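Listed here are the chains, written in short residue letters.
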Amino acid sequence: MTSVLITGAKGFIGSSLIKLFTSKKYKVIGWDVDIKETKFKDNDNLKEVDLGNQNLISRELIKDKPDIIIHCAGSADVSKSVRNPDIDFQGNVALTHNLLFGIYKSGITLPKIIFLSSAAVYGNPKKLPITEKAPVNPLSPYALHKVMCEQMCQYFISNYQMNIKILRIFSAYGTGLKKQIFWDMYNKAKLTGRLDMFGSGNESRDFINITDVIESIYLVATKDTADYDIYNVANGSEVSIRDAATLFANIMRVPSEKVYFNNVVREGDPLNWQADISRLKNLGYKPSVSMENGLVDYFKWIEGNSIY
Ligand SMILES: NC(=O)c1ccc[n+]([C@@H]2O[C@H](COP(=O)([O-])OP(=O)(O)OC[C@H]3O[C@@H](n4cnc5c(N)ncnc54)[C@H](O)[C@@H]3O)[C@@H](O)[C@H]2O)c1
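Residues numbered from 1 in each chain as written. Predicted model: local features only at pLDDT ≥ 70, side-chain atom pairs only at ≥ 80, totals over all residues. Heavy atoms only, no water.

By the naming in an unreviewed UniProt entry, the protein is NAD-dependent epimerase/dehydratase domain-containing protein, taken from Liquorilactobacillus hordei DSM 19519. Recorded in UniProt for the protein, the comment headed Sequence similarities (unreviewed entry) runs: "Belongs to the NAD(P)-dependent epimerase/dehydratase family." (UniProt positions renumbered as here; feature names shortened; annotations may be inferred.)

Written out as structure tokens, the structure is:
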């Protein structure tokens, strides 16, 4: 039975991956820094492992001997990284360093490793759609730290023959996410009835529903992908923030006249994104969730999970 270790197992992406790999009959092991108050606490294979402790990582790996590791643990917030770059450095660079050296020092048969990077590494690309060959241009500490992690992965690929795949995830949303644009819009609508948004509305993102994110990760983790080290993970379509905000306002039954843009671009936020997803498509990936259906489902989930 192939075993999969998911770090950051109780997070937005990690928890969905646990369900997906369990449903596909893999042996699933989850690690997180704090597993109290998690719905997975009855699962014997969910362990409290702090990736801040490299020796602990090596010891646990010798017990678990995973065939695949999907590294989802760490900091995942651009704005917080601008406010506190040190914490973001620890959450991204230090944890990834500990994991990779922990794997090497454990002496286990090398697993396939999936590192979750971010489209943030591209910053403001010169042309759209963005291919994986586009130069990196970090605009925030979070993006810088992801670039550093990617370089670390490349170092381990070259010097320790590790099989590491880097996934640059674009704007993920969906069930389980308690942050970012749509979560913030919901809370603003409930609090003030107004949707005050950053930027001009002409900024754009390539949104991808969590169902498609985990399917992409599954494909790269389980298919033979000797050709490339880096994959874009996105829908392949550019959606303006104005259109996305109007769509979600309609779903929330907030009149679109209540959506206001302040023309201020937040520090660290890039302007326009659309991904070239040819590499992912060559593995058989096909986006399965439309933005409208994805947001309707997300709205239903938020209604049951917010404080309002
Ligand atoms: N969510 C997105 O839109 C998105 C987009 C691009 C990239 N990513 C990347 O994907 C990864 C997962 O993102 P997410 O949204 O699921 O994040 P998340 O914040 O929901 O989950 C991160 C998990 O890591 C755990 N963690 C933190 N420090 C740890 C430590 N020292 N030891 C063990 N576990 C620790 C946290 O407890 C949490 O459960 C991150 O690397 C993020 O940068 C996310």
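Resuming the write-up.
J.: Hey, could you run me through the pairing of strand 2 (residues 27-32) in this one?
T.: Where burial is concerned, most of strand 2 is hidden: five out of the six residues are buried. In this sheet, strand 2 lies alongside strand 1 (residues 3-7) in parallel orientation, the contact comprising five bridges. Directly across from Ser-3, in strand 2, lies its bridge partner Lys-27. On the question of chirality, the crossover connecting strand 1 to the parallel strand 2 by way of helix 1 (residues 12-23) is right-handed. Sheet topology places strand 2 next to strand 3 (residues 46-48); three bridges connect them, and they run parallel. Its bridge partner lying in strand 3, Trp-31 is registered against Lys-47. (Buried < 20%, exposed > 50% of the residue type's maximum accessible area, 1.4 Å probe, protein only. Helix = DSSP H or I, 4+ residues; strand = E, 2+ residues; numbered from the N terminus. Pairing = 2+ DSSP bridges. Right-handed = clockwise from strand over helix to strand, strands pointing away.)

J.: For this particular structure, what's the right way to read the site of the ligand?
T.: Near the ligand lie 27 residues; those nearest to it are Ile-13, Asp-32, Asp-50, Tyr-142 and Lys-146. The separation between a nitrogen atom of the ligand and a polar side-chain atom of Asp-50 is 2.8 Å. Ser-75 is positioned with one of its backbone polar atoms (N or O) 3.5 Å from an oxygen atom of the ligand. Protein chains bury 86% of the 840 Å² of accessible surface belonging to the ligand in isolation. Put simply, the parts of the chain that give the shell around the ligand at least two residues each are helix 1, strand 5 (112-118) and helix 5 (141-160). Broken down by element, the shell around the ligand gets its largest block of residues, three residues, from strand 5. Of the residues assigned to the shell around the ligand, the class counts are 14 nonpolar, eight polar and five charged. (Near = heavy atom within 4 Å. Polar contact = N/O pair within 3.5 Å; in protein donor to acceptor, adjacent residues only side chain to side chain. Areas by Shrake-Rupley, 256 points an atom, 1.4 Å probe, with all protein chains shown as cover. Nonpolar A, V, L, I, M, F, W, Y, C, P; charged D, E, K, R; others polar.)

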